[in-house]
Amino acid sequence: GSCTVVAALAQKSNDVDPISTSLNIMRRLPPSKIEQNLAGLLNLTPASTDELLQRIDQPLTLSSGTSRKYVLSDYNRDGDSYRSPWTNKYDPPIDDGFLPSSSLRALEVTFNDVFDAYRELYYEGGVSSVYLWDLDEEDPTSGWAGCFLIQKDVKGDKHVSNGSWNSIHVVECNTSDGGKKASYKLTTTIMVTMNTDGVELGATNLAGSMTRQSEIKDAVVQHGSDGHIALVGRMIEDMEIEMRSNMDGLYLQKTSEVVSKVRSVREGGGVSKEHVEKLNEKVK
């Protein structure tokens with residue numbers, strides 16, 4: 001099983017740092033089994049559990065039993081409870097859970113409304129959530145960070161029997177000049193899984209993930225907090241467009257190319273003279 005493979009790779013690694021070793025292992029294992037492989041790593045290196053959970057992105061899950069669904073992640077978790085971006089309350093309820101400052105909460109509410117509209121326009125479904133926190137709780141003017149999440153499942157589509165799309169955007173905003181300027185760093189991870197089970201394609205599974213970063217330095221923030229919304233929104237939109245294009249070329253077109261090279265299908269079951277000559281050259 002995957003846990004056995006994880007253990008074998010861990011023992012063969014010459015890297016003494018368990019974090020680097022674990023990250024190297026995860027990059028070489030199937031993206032469709034992230035949760036199972038991560039569980040195996042945590043059993044092998046329990047002392048690294050917290051850091052590994054922070055550094056290895058997992059497919060997003062949704063709340064259940066709430067009036068309005070939201071995305072569950074480490075960014076809104078406190079113990080075994082998760083904070084809703086819509087109500088700012090934890091489920092199950094706790095007394096001392098982390099809450100953003102009043103000014104940051106106001107920005108978080110606006111971000112959630114705007115990002116929810118963005119999700120509907122681009123994805124026509126799914127669930128989005130935005131969670132913010134102060135970089136320095138003692139000095140709220142120093143900046144903030146946030147996580148912008150989108151999760152969408154697909155079932156019974158014409159071409160895809162089931163699949164999922166997970167977007168994880170982590171933004172760090174450092175302000176200066178009394179909040180009039182800001183530098184933004186965006187780290188985006190997108191995880192995609194697609195399964196087909198039709199007559200034309202047969203049973204096929206495609207899964208992958210991609211991480212990219214971008215930065216904007218010393219941007220002028222206009223109109224107060226609304227300026228953050230415009231700048232961050234543009235960064236996320238541009239990043240998603242670029243990454244969707246890259247994933248299409250990296251996974252879909254490359255997979256089609258590989259399959260076409262492995263077996264060339266021609267009418268009548270025949271093969272061309274050129275194809276036979278290439279095969280003969282390879283076996284010489």
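Because the structure is predicted, anything quoted here is derived from the model rather than measured.

K.L.:
What's the story with the overall build of the protein in this structure? I'm lost.
P.N.:
The number of helices and strands found in the protein is seven helices and ten strands. Residues counted as buried form 36% of the 284 residues belonging to the protein. Taking contacts inside the protein between residues at least 6 apart in sequence as the whole, the part at least 24 apart equals 52%. Split by element, the accessible area of the protein, about 17,300 Å² in all, is 50% carbon and sulfur.

K.L.:
For this particular structure, what's the right way to read the pairing of strand β7 (residues 143-155)?
P.N.:
Residues in a regular strand project their side chains so that they alternate between the two faces of the sheet. Relative to β7, strand β6 (residues 127-134) is paired through eight bridges, and the arrangement is antiparallel. When the bridges of β7 are listed, S128 appears paired with I150. Sheet topology note: the β7/strand β8 (residues 162-176) ladder contains 13 bridges and is antiparallel. By the bridge assignment for β8, K152 is matched with W165. Counting the residues between successive antiparallel strands, the hairpin from β7 to β8 contains six residues, one of them, G156, with a positive phi of roughly 70°.

K.L.:
I would appreciate a short explanation of the side chain of D134 in the present structure.
P.N.:
Residue position: D134 is located in strand β6. Within the buried core, D134 has no salt-bridge partner, and the shortest N-O distance to an opposite charge, that of R83, equals 10 Å. Look past the residues within four positions of D134 in its chain and what remains in contact with it is S101, L104, P140, G143 and W144.

K.L.:
How should the sheet that holds strand β5 (residues 90-91) be read in this particular structure?
P.N.:
Backbone hydrogen bonds hold the strands of a sheet together, and the pairing may be parallel or antiparallel. The strand order across the open sheet built from three strands is β3-β4-β5, with neighbouring strands paired in antiparallel fashion. With one partner strand each, in any of the chains shown, β3 (77-78) and β5 form the two edges of the open sheet. Looking at chain direction, strand β4 (residues 81-83) and β5 are connected through two bridges and run antiparallel. When the sheet's bridge partners are listed, Y82 is paired in β5 with D91.

K.L.:
Explain the pattern of salt bridges here, please?
P.N.:
It is possible for side chains bearing opposite charge to pair when their charged atoms get close. Applying the stated rule across the entire model yields eight salt bridges. Among the ionic pairs, D116 bridges to R68, the shortest N-O distance being 3.2 Å. Of the two residues, D116 is situated in helix α5 (residues 102-123) and R68 in the loop between β1 (61-62) and β2 (71-72); the sequence distance between them amounts to 48 residues. Taking the relative accessible area as the measure of exposure, D116 reaches 18% and is therefore buried. Salt-bridge contacts for R77 lead to D74; the nearest nitrogen and oxygen are separated by 3.1 Å. Three or more residues are tied together by salt bridges with common partners; here these are R68, D116, R119 and E120.

K.L.:
So what exactly am I meant to see when it comes to the side chain of D116 here?
P.N.:
At a separation of 2.8 Å, a polar atom in the side chain of D116 contacts the side chain of R119. In this view, D116 contacts R68, W86 and S128; residues no more than four positions away in its chain are not counted.

K.L.:
Would you mind going over the layout of surface pockets with me for this structure?
P.N.:
Unoccupied space between atoms shows up once a probe the size of one water molecule is rolled over them. The calculated volume of the largest pocket comes to roughly 1,200 Å³. In terms of lining residues, the largest pocket is bounded by 34 residues, among which Q54, R55, I56, D57 and Q58 are the most central. Taken together, the elements giving at least two residues each to the lining of the largest pocket come down to α2 (18-28), α3 (34-44), α4 (49-55), β8, β9 (181-198) and β10 (202-220). In terms of residue class, the lining of the largest pocket is built from 17 nonpolar, ten polar and seven charged. Estimates place the volume of the second largest pocket at around 490 Å³.

K.L.:
Looking at this structure, how should I read a nonpolar patch on the surface?
P.N.:
Residues L121, Y122 and I241 make up a contiguous nonpolar surface patch of about 320 Å² in total accessible area. In this structure, L121 sits in helix α5.

K.L.:
Could you clarify how one ought to interpret unusual backbone geometry in this entry?
P.N.:
The peptide bond linking D91 to P92 adopts the cis configuration, its omega dihedral lying at -5°. The backbone of E124 shows a phi angle near 50°, a positive value even though the residue is not glycine. Take E124: it is sitting in the loop between α5 and β6.

K.L.:
Would you explain the packing of aromatic side chains in this entry?
P.N.:
Working definition: an aromatic ring pair is given by the centre-to-centre distance plus the angle between the planes. Taken as a whole, this structure holds seven aromatic pairs when the rule is applied. Clustering of aromatic rings is evident, with ring pairs tying together F111, F115, Y118, Y122, W144 and F148. It is R68 that lies over the ring of W86; its NZ or CZ is 3.7 Å from the centre.

Calculation criteria
Residues numbered from 1 in each chain as written. Predicted model: local features only at pLDDT ≥ 70, side-chain atom pairs only at ≥ 80, totals over all residues. Heavy atoms only, no water. Helix = DSSP H or I, 4+ residues; strand = E, 2+ residues; numbered from the N terminus. Buried < 20%, exposed > 50% of the residue type's maximum accessible area, 1.4 Å probe, protein only. Contact = heavy atoms within 4.5 Å. Areas by Shrake-Rupley, 256 points an atom, 1.4 Å probe, with all protein chains shown as cover. Pairing = 2+ DSSP bridges. Lys, Arg positive; Asp, Glu negative; His and termini not counted. Salt bridge = Lys/Arg side-chain N within 4 Å of Asp/Glu carboxyl O. Polar contact = N/O pair within 3.5 Å; in protein donor to acceptor, adjacent residues only side chain to side chain. 1 Å grid on protein atoms, 1.4 Å probe; cavity = no way out; pocket = protein on both sides within 12 Å on 5 of 7 lines; lining within 4 Å. Points joined across faces, edges and corners; volume = space filled by probe spheres on them. Nonpolar A, V, L, I, M, F, W, Y, C, P; charged D, E, K, R; others polar. Patch = residues over 30% accessible without salt bridge, like charges linked within 9 Å, V, L, I, M, F, W, Y side chains within 5 Å. Phe/Tyr/Trp six-rings, centres within 6.5 Å; stacked < 30°, edge-to-face > 60°. Lys NZ or Arg CZ within 6 Å of the ring centre and 35° of its normal.

Interpretation note: all reported values are geometric properties and have no functional meaning in isolation.
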